[in-house]
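# Examining the three-dimensional arrangement
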Amino acid sequence: GLESKGSNIPGSAECFDVLIETLQERAAHRQTWKERYRDDFYASLPKESEPMTPPSCLSEIDLVVLLSKLRKLKKKKCGQAETKKEKRKIASNWASMKASMSSKKSKKTTTRH
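Not measured: the values here are computed from a predicted model. (Residues numbered from 1 in each chain as written. Predicted model: local features only at pLDDT ≥ 70, side-chain atom pairs only at ≥ 80, totals over all residues. Heavy atoms only, no water.)

## Quick word on the overall build of the protein
Scanning the protein for helices and strands turns up five helices and zero strands. The N-to-C order of helical and strand elements in the protein reads α-α-α-α-α. Residues counted as buried form 13% of the 113 residues belonging to the protein. Taking the intrachain contacts of the protein between residues at least 6 apart in sequence as the baseline, contacts between residues at least 24 apart amount to 70%. Here the protein has roughly 9300 Å² of accessible surface; of this, 60% comes from carbon and sulfur atoms. (Helix = DSSP H or I, 4+ residues; strand = E, 2+ residues; numbered from the N terminus. Buried < 20%, exposed > 50% of the residue type's maximum accessible area, 1.4 Å probe, protein only. Contact = heavy atoms within 4.5 Å. Areas by Shrake-Rupley, 256 points an atom, 1.4 Å probe, with all protein chains shown as cover.)

Here's what the structure looks like:
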């Protein structure tokens, strides 16, 4: 069933990735709006120009906690918590770090001669 580790449900990892990435984006938007609400400019807006406030049922959801739970569940079901996008970013960072370290190492060897 769904509770077993390493679920073989086709596309389950992709579903987790979509949810995680969407909620991360939503959390970033919320943070941006929190900062805007604290801005003096926002306080000076007329009521009719203020942005819509989200329904209370949506604003009460703690996205950080929800994301943490989703990642734990994804790791349990799929064996890893990172999304494909995050794994590509980690891999590309590693490749650039490795290239940088390699060029530094070769510069040291050429300066010694």
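## Some details on the nonpolar core
One finds Phe16, Ile20, Leu23, Leu63, Leu67 and Leu70 forming the largest nonpolar core, which totals six residues. At the level of secondary structure, the elements contributing two or more residues to this core comprise α1 (12–38) and α4 (63–78). Not counting the four nearest positions on each side in its chain, Leu70 is found in contact with Phe16, Leu19, Ile20 and Leu23. (Core = buried A, V, L, I, M, F, W, Y, C linked by side-chain atoms within 4.5 Å.)

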